[in-house]
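# Fold and contact review
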Amino acid sequence: MDGSSASPLPPGAREAGDPLPLRVHQRGALAALESAWDAGRTRAWIVLPPGGGKTRVGLETAARHLVDGTVSKAVVLSPNTAIQGQWVGAAAELGLTAGDDRELSAELTSLTYQAVAVFDADDEVADDPEDASSQLARLHPNGRALVERLRSTPGLLLVLDECHHLLEVWGELLAELLAELPDSWVLRLTATPPATLDADQARLVDDLFGGIVFQAGVPALVREGDLAPYLELAHLVTPTPHEEEWLAEEATRSTELTTRLMDPEFGSLPFLQWLDERFVTAEPRVEVAPEQLDAALRLHFAGMLALPPGAVLSERHRRPPTPADWVALVDDWLVRCVVHSEDPRDHDVLGVVRRALPAVGYVWTRRGIRVGRSTVDRVLARSLAKTTATVGLVAQEWDVLGDHARVLVLCDHERATAIVPEALDGVLDDQEGSARSVITALVGDPATAGLDPLLVTGSTVAAGESTLRALVEHVRGTDPGLADALVVEPGVVATLTGPWSSRRWVPHVTRFFEAGGSRVVVGTRGLLGEGWDARRISTLVDLTTATTSTAVVQTRGRALRVDPGWPEKVALTWSVVCLTEAHPRGGQDWDRLVRKHVGFQGIDAEGDVVDGVGHLDASFSPYVPPAVADLGTLNARMGERARDRQAIRAWWRIGEPYVDQVRPTLRVRGRVTASAQVAGPPAPPPVVVGADGVLVRGALPVAPGPFVLRQRRRRMVGWRDDVLRPVLVAPSLQQLGAAVADGLLAAGLGGTGSAGVVVEQHPSGEYRCRLDGADEASSWLFTESLEQLLEPMAGPRYVVARYVLGPDDVPPPGFWATVRGASAVRRAILRARPSGVVWHPVPTALGVNAARAGAFAAAWDRWIGPSELLYTGSPEGAGVLAAQRGDDPFEATTVIRTHWS
């Protein structure tokens, strides 16, 4: 599109005259898009979060180019009818003629993806739609006719809203469709961050759309005031006593299996002996899958396996092995060793394992162990305790907010369609965990019945009878004919029937909800979890099990719209999680919570915007669920945070400057300080020459004997403190970070060097270190390298020395104040002899070869003090490694989190 693309809009559609002026990020997106068009691109994509105004960006693009004649028609494809209708309504508000018919008769036509991606029944022969050679050829005739209409429309602007739906299911169909439209303009709008695409999707998106034109995250729009500040919370419950009893009984089979695996007589080549040969003593080293190595390292942490050569323990390994770890290793053992054996003992092994696997959610197949239907996970996901907790959270929101309270409860399904297994007969009700069970509980509880709970799904509108009659009267105000045709079917939870579908009732329910006719809506993720625009939602209660980034971003986006009637709105999202210690897989619901928060940014109790479950509570680990004994304390702490809406809003610092970047930060607790007493490295130390004439780098000798200090007298006096500091004081996190950053820079691995190292101490006593000014890849490399430096000695290729002085090796406090003259300084320095050495691992990226290791050693000398670099493949280095493997000089606990700045 040429430079005329920014021409004025007709009256009624001009930005200046619009009642809702374009937001900062909308203006930025439009400007970036116009630049891309002007540069010759015809395909582009923009990433904005739910509530960020993607619809407005698409409509402004269409309106501007319909006016200048570059575009003759705009067609929008979106995932569901609710979003389809929103496009039509918003287009009309901008003065565009809009419709939803396949004839494309209006300036802008809004359709669903299903309008295209409906396949002829005769061609539905494969489970995977990408199995066919031509997806377009398999389309229903109506779909093919629509594609032909699109192809024959000159000057077409095709807008793909939330295109991830098409990518996930019909990626090749999208590629074929766009190949039919080579002369059309194509704009992809999505809330799904590009980092969440799998490799195949990323390649397809890059081929079809090129690079991102514009991207903004949720925190940036909150800081601008365009989305409501929010807080993520978790309410933790245990199963009901009856459920817990069943789980404990199921756990016995899993315990019996692990006990047998530890038996040195179990099989011709026992499991632990196999692990030792596979991971520790194998020569040459064998390749293993990453998940198997992780599992082996957790067994090492539990004391059941020696440390595999070269392995490094990180936070994710410092916990007991999970059932999934056992299964990953047992599968390797069975497939590679047991199933091919003719030994009768191994036949018995296979039978024992096969019978025990279902108790932990796995099955044995001809191809090895595979995930099966987990009855344990079903009990945790659908526990009655979660429904009970939801009632309490809704009541709490009403107590805190009063008339401002508007709660959305999202479930996976209206009804539990899967048949409850016989094993769970009497443990779970058939409908437990469904939207039906939740609405029944809310209507039946006195604490929430007065809030007029309302069930809204793709096929049902249900509530208490009085609530439904009020809804009918509300509909009568805008559509009397429809209201007359609606019928309230009585019952404890009544149902509203009549000549309408979700496309008609969702707008009515939305207005009824926002007007306060109902303060609690229970819905399904499929209908209300994406695209539902209800600005008054104050709280979302998430009972869903979907953990994809798309699902997480979309569901949480429901509560983030700003509320014109409540400018001080703060949104809460509660995830209800069921935990048990009665079964080895009792943390499955916790693992689901962890997956939901990977890459999702939220604000923590210290006002930092970070990803991961750490923003829910500082004590939360992504690898280990909290102890059941602590749940009461944790829930109380969550409740206190939820009640203080003003503090939550203040944490977000709305209106303050920001940089919309997400970068990794290393969080550290241990024997380190934030920074040294001086800013910058120690001054260059004096040159020291031993009696044998060998130059010793650094200020102090590393062996006894006479020394010649070749320095001028004034320099010796000036440097006396800097000479001793490296060995008197343990290096600070600032110094260690500076050494890593300068080493990476000198080795040609990128970054900004020590100038970009930032260390902050937080009120909790935790230190946080990051590298500012670097690109994302360099930031990650720095953070991971610093974490490796702080970890216990494992199996690095190179190690570096740090010389230390004991308390008896240095002059007493106040000694330097009495020293006068260069000769006295010389004598005092000679009294200070290092009595020990501490070895530290050279980070992996810097230990690839001698040149990189040397670059790090030089930076270490500069920032930490005198050192010696050893290759652990040498006899001397191997001896050092054998003697100090497992040593943890900093006793540091580290974890990497991504921070938004």
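Residues numbered from 1 in each chain as written. Predicted model: local features only at pLDDT ≥ 70, side-chain atom pairs only at ≥ 80, totals over all residues. Heavy atoms only, no water.

### Quick look at the overall build of the protein chain
The condition that has to hold: The numbering of helices and of strands both runs from the N terminus, where a helix is a DSSP run of H or I of at least 4 residues and a strand a run of E of at least 2. For every residue, the accessible area obtained with a 1.4 Å probe (protein chains only) is divided by the maximum for its type, and the residue is called buried under 20%, exposed over 50%, and partly exposed between those limits. Residue contacts are counted whenever heavy atoms from the two residues lie within 4.5 Å of one another. Here, Shrake-Rupley sampling with a 1.4 Å probe gives the accessible areas, and only protein chains in the shown set may cover a residue.
Broken down by element type, the protein chain carries 32 helices and 30 strands. Evaluated residue by residue, the protein chain yields a buried proportion of 55% over its 901 residues. Of all intrachain contacts in the protein chain linking residues separated by at least 6 positions in sequence, the fraction that spans at least 24 positions is 74%. As displayed, the protein chain offers around 37200 Å² of accessible surface, 53% of which is attributable to carbon and sulfur atoms.

### What about the sheet that holds strand E26 (residues 767-771)?
Our working definition: Between any two strands, at least two bridges found by DSSP are needed for them to pair. Fitting a line to C-alpha atoms yields each axis, with helices limited to the stretch in contact; the angle taken between N-to-C directions then spans 0 to 180 degrees.
Pairing is antiparallel across the open sheet formed by 6 strands, whose spatial order is E19-E20-E30-E21-E26-E25. Every other strand in the sheet has two partners, leaving strand E19 (601-603) and strand E25 (757-761) as the edge strands with one partner each. Within this sheet the neighbouring strands show an average axis-to-axis angle of 40 degrees, counted without direction. Where strand E20 (residues 609-611) and strand E30 (residues 893-900) come together, 2 bridges link them in antiparallel fashion. Bridge pairing links Val-610 to His-899 in E30. Against the sheet, helix H28 (residues 776-790) makes contact with strand E21 (662-669), E25, E26 and E30, and its axis sits at roughly 10 degrees relative to E21, the strand it touches most.

### Description of the side chain of Arg-406
Spelled out, the test is: Counted as positive: Lys and Arg. Counted as negative: Asp and Glu. His and the chain ends are not counted at all. In what follows, salt bridge is the name for a side-chain nitrogen of Lys or Arg lying within 4 Å of a carboxyl oxygen of Asp or Glu. Think of a polar contact as two N or O atoms within 3.5 Å of one another; within protein, one of them needs to be a possible hydrogen donor and the other a possible acceptor, and neighboring residues in sequence only count if both atoms come from side chains.
Structurally, the position occupied by Arg-406 is in the loop between helix H14 (384-401) and strand E11 (407-411). Comment: no salt bridge for buried Arg-406; closest opposite-charge side chain is Asp-403, at 6.3 Å. There is a polar contact of 2.6 Å between the side chain of Arg-406 and the backbone oxygen of Asp-403. Setting aside its immediate chain neighbours within four residues, Arg-406 contacts Phe-513, Glu-514, Ala-515, Gly-516, Ser-518, Arg-519, Arg-536, Ile-537, Ser-538 and Thr-539.

### Overview of the confidence of the model for the protein chain
Selection rule: pLDDT runs from 0 to 100 and stands for how confident the predictor is about each residue.
Averaged over every residue, the pLDDT of the protein chain is 84; residues scoring 70 or more account for 85%. Within the protein chain, the lowest mean pLDDT, 29, falls on strand E24 (residues 707-709), and the highest, 98, falls on strand E17 (residues 539-542). Low pLDDT, under 50, characterises residues 2-19; the predicted model gives this stretch 28 contacts beyond four residues in sequence or across chains. Within the model, pLDDT remains below 50 along residues 123-132, and this stretch shows 15 contacts once partners closer than five positions in the same chain are excluded.

### A few points about unusual backbone geometry
Although it is not a glycine, Leu-104 sits at a positive phi angle of roughly 60 degrees. Here Leu-104 shows up in the loop between strand E3 (98-99) and strand E4 (108-112). Owing to a relative accessible area of 2%, Leu-104 belongs among the buried residues under this scheme.

### Section: the sheet that holds strand E8 (residues 230-237)
With mixed pairing, 9 strands are arranged side by side in an open sheet as E8-E18-E17-E11-E16-E12-E13-E15-E14. Across the chains shown, the open sheet's two edge strands, defined by having one partner strand only, are E8 and strand E14 (487-489). Going from strand to strand, the sheet's axes swing by 20 degrees on average, the running direction of each strand aside. Pairing of E11 with E17, which is carried by 4 bridges, proceeds in the parallel orientation. Bridge pairing in E17 places Val-409 opposite Val-541.

### Focus on the pattern of salt bridges
Per the stated rule, a full pass over the model turns up 40 salt bridges. With its nearest N and O atoms 3.7 Å apart, the salt bridge here joins Arg-469 to Glu-465. In this pair, Arg-469 and Glu-465 both sit in helix H17 (residues 465-476), 4 residues apart, roughly one turn of the helix. Salt bridges sharing common partners tie together Asp-604, Glu-606, Asp-608, Arg-667, Arg-669, Glu-766 and Arg-768.

### Looking at empty space enclosed by the protein
We apply this condition: The definitions used throughout rest on a 1 Å grid laid over the protein atoms alone, on which a cavity is an enclosed set of points accommodating a 1.4 Å probe that cannot get out and a pocket is an open set flanked by protein within 12 Å on both sides along at least five of seven lines; lining residues are those having an atom within 4 Å of a point. Grid points are joined across faces, edges and corners, and a volume is the space filled by probe spheres set on the points.
This structure, assessed with the given rule, holds 5 cavities of 30 Å³ or more. Around the largest cavity, the lining residues are Lys-386, Asp-542, Leu-543, Thr-544, Thr-545, Ser-575, Val-576, Val-577, Asp-589, Arg-592, Leu-593 and Lys-596. Contributions of two or more residues to the lining of the largest cavity are made by strand E18 (571-578) and helix H22 (588-597).

### Concerning the environment of Thr-255
Its place among the elements puts Thr-255 in helix H8 (residues 241-261). Residues Thr-255 and Ala-359 lie 104 residues apart in sequence; the distance between their C-alpha atoms is 9.9 Å.

### Here's the deal with the packing of helix H9 (residues 271-280) against helix H10 (residues 290-301)
This is how it is decided: Angle categories are assigned with fixed cut-offs, so that under 35 degrees is roughly parallel, over 145 is roughly antiparallel, 65 to 115 is roughly perpendicular, and the rest are oblique. Here a crossing is taken to be left-handed if its near helix is turned anticlockwise relative to the far helix by less than a right angle, and right-handed if that turn runs clockwise. Lys, Arg, Asp and Glu make up the charged group, whereas Ala, Val, Leu, Ile, Met, Phe, Trp, Tyr, Cys and Pro make up the nonpolar group; the residues left over, Gly among them, are polar.
Between H9 and H10, the shortest axis-to-axis distance is 12 Å and the interhelical angle comes to 120 degrees. Classified by the angle their axes make, H9 and H10 are oblique. Once H9 is placed against H10, the crossing between them reads as left-handed. Between H9, through Leu-275, Arg-278 and Phe-279, and H10, the contact on the second element is made entirely by Gln-292, Leu-293, Ala-296 and Leu-299. Grouping the amino acids of the contact of H9 with H10 by side-chain chemistry returns 5 nonpolar, 1 polar and 1 charged.

### Description of H17
Basically, it comes down to this: What a helix is expected to span follows from its residue count: subtract one and scale by 1.5 Å. As used here, the arc is the angular range of directions from the helix axis to the C-beta atoms.
Over its 12 residues, H17 extends 17 Å from the first C-alpha to the last, a length consistent with the 16 Å expected when each residue adds 1.5 Å. Among the residues making up H17, those that are buried are Thr-467, Leu-468, Leu-471, Val-472 and Val-475. On an axial view of H17, the arc spanned by its buried residues comes to 145 degrees, and they lie on one face. Where H17 is buried, its residues meet strand E12 (454-456), strand E13 (461-463), helix H18 (480-485), E14, strand E15 (494-497) and helix H19 (502-514).

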